[in-house]
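So you can see what is in the structure, the chains are spelled out below.
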Amino acid sequence: MTRITLLVPDLFWPDPADPRPAEGLRLPALERLLGRGTHTPLTGGERQWLLNAFAIAPPHEPGLAAASVRGLGGDPGAHAWLRADPVHLQARGADLFLSRPAPGEVTAPEAEALLATLNAFFASDGLTLQAPRPEAWALRLPAPAALITVPTAAAHGRSVAPLMPQGPDARAWRSRLNEAQMLLHEHPVNEAREREGRLPVNSLWLWGGAAEPGTGAKPAARLLGGEEVLRGLALAAGMTVDPLPAHWERGAQDTLVRWAEAQEAVHGGDVQGWRDALLRLDQRWLAPALADLGGRKVGSLVLAGVGERAGSQVQLHPGAAWRVWRRPLTLSAAAAAVHR
């Protein structure tokens, strides 16, 4: 029968020391699912969840950057790829904090002008910087880079000092990065952005460095939504990839849904936005999904709440949906178990 998996980054508010975000938040469908389902702890965050779901061995994790090129509409081929995303680094005391631009914050003409300057620099090493999207850039490499890196999404809003590339090739790439920063610092595009009160693109963030990994499993027949890494993995695995609808669709086939509204609110530090997002998740997705599960139109419902390093996955089958003796479990109580 049909299996529906809902992947929800930041289902749990990331600060375990602050119980206030979930205080008084009533989510009847989610609480029923949490109370009656079977729980499995998750470690390693969303990236680890993806590696497990697509049966990718951890040594191939750097290849997720190449998968993202596919997810952005490109063809990674058999080449190694290094993402080199445009970012803003802001000094706060002795630390530098990274901010990645949202879609639309870097225009196509701006990206084109910046890439023209940077590619003149990279050409001496036989490298070409590409922009599948104005805010998402990538380098095709002649050989894999021996680097240990952190994706741009995971570095957003954080001090970059402990997140910089490590590994045998790190020194050479840091040298390239320093020169690229000097070119960006004095670039007319950034001078214009600063005059307009917009953040300059003053650095690149490097991650990845390997070829696209082979997928050993297909977690569903269809993907709804998803950021570029997940879309790339899904396409490589032969899944159908469609936009995320506004609500649950009855009669859904075997489907993986990535629901990012809670994560977007967390990244913006918007507690009320996070609460409102979870109410929409409860009303528009979980309530009708549970109704289909109870009517045996769905064979199993899985909710994977992933955080930066930990989370919880809960699975519910039609028979278990009628465990009326199992009391609903609040989001706060589930979060306490995750953060222990």
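Just so it is clear, the model here is predicted, and its values are computed rather than measured.

### What about helix 8 (residues 228-236)?
Counting buried positions over the nine residues of helix 8 gives seven, a clear majority of the element. Within helix 8 the residues assigned to the buried category are E228, V229, L230, R231, G232, L233 and A234. The opening residue of helix 8, the one whose side-chain oxygen lies 3.0 Å from the backbone nitrogen of V229, is E227. Immediately beyond the C-terminal end of helix 8, within one or two residues, lies G238, with a positive phi of roughly 85°.

### So, the pairing of strand 7 (residues 203-211)
The two faces of a sheet get side chains in turn, since along a regular strand they alternate between them. Taken across its nine residues, strand 7 has eight buried, putting it largely inside the fold. Taken together, the eight bridges between strand 3 (residues 80-92) and strand 7 define a ladder with antiparallel strand orientation. Across the sheet, P86 pairs through a bridge with L204, a residue of strand 7.

### Points about the sheet that holds strand 8 (residues 222-225)
On the basis of which strands lie adjacent, the open sheet formed by seven strands has the order 2-12-11-1-10-8-9 and mixed pairing. The open sheet has two edge strands with one neighbour each: strand 2 (38-43) and strand 9 (240-242). Averaged over neighbouring strand pairs, the angle between their axes works out to 15° when direction is ignored. Note: strand 8 against strand 10 (residues 255-258), four bridges, orientation parallel. Opposite L223, over in strand 10, you have L256 as the bridge partner. With respect to the sheet, helix 2 (residues 45-53) is in contact with strand 1 (3-9), strand 2, strand 10, strand 11 (300-306) and strand 12 (310-316), its orientation differing from that of strand 1 by roughly 155°. Here helix 8 sits on the sheet in contact with strand 1, strand 8, strand 9 and strand 10, set at roughly 160° to strand 8.

### Regarding unusual backbone geometry
In terms of backbone geometry, most residues other than glycine have negative phi values and most peptide bonds are trans. Positive phi outside glycine occurs at A55, with the angle close to 55°. Looking at the element boundaries, A55 is found in the loop between helix 2 and helix 3 (64-71). A relative accessible area of 44% places A55 in the partly exposed class. Look at R296: it is not a glycine, yet its phi comes out positive at around 60°. Mapping R296 onto the fold places it in the loop between helix 10 (271-294) and strand 11.

### A word on empty space enclosed by the protein
Counting across every chain of the model gives two cavities of 30 Å³ or more. A volume near 40 Å³ is recorded for the largest cavity. The wall of the largest cavity is formed by I4, L224, P245, H247, W248, E249, A252, T255, V257 and W285. Along the lines of polarity and charge, the residues of the lining of the largest cavity split into seven nonpolar, two polar and one charged. Of the voids in this model, the second largest cavity is the one considered here, and its volume is about 40 Å³. As for the second largest cavity, its lining consists of F122, W173, R176, L177, A180, L204 and L206. Where the lining of the second largest cavity is concerned, the elements lending two or more residues are helix 6 (170-185) and strand 7. Among the elements that make up the lining of the second largest cavity, the one with the highest residue count is helix 6 (four residues).

About the cut-offs
Residues numbered from 1 in each chain as written. Predicted model: local features only at pLDDT ≥ 70, side-chain atom pairs only at ≥ 80, totals over all residues. Heavy atoms only, no water. Buried < 20%, exposed > 50% of the residue type's maximum accessible area, 1.4 Å probe, protein only. Helix = DSSP H or I, 4+ residues; strand = E, 2+ residues; numbered from the N terminus. Polar contact = N/O pair within 3.5 Å; in protein donor to acceptor, adjacent residues only side chain to side chain. Pairing = 2+ DSSP bridges. Axes fitted to C-alpha atoms, helices over the stretch in contact; angles between N-to-C directions. Contact = heavy atoms within 4.5 Å. 1 Å grid on protein atoms, 1.4 Å probe; cavity = no way out; pocket = protein on both sides within 12 Å on 5 of 7 lines; lining within 4 Å. Points joined across faces, edges and corners; volume = space filled by probe spheres on them. Nonpolar A, V, L, I, M, F, W, Y, C, P; charged D, E, K, R; others polar.

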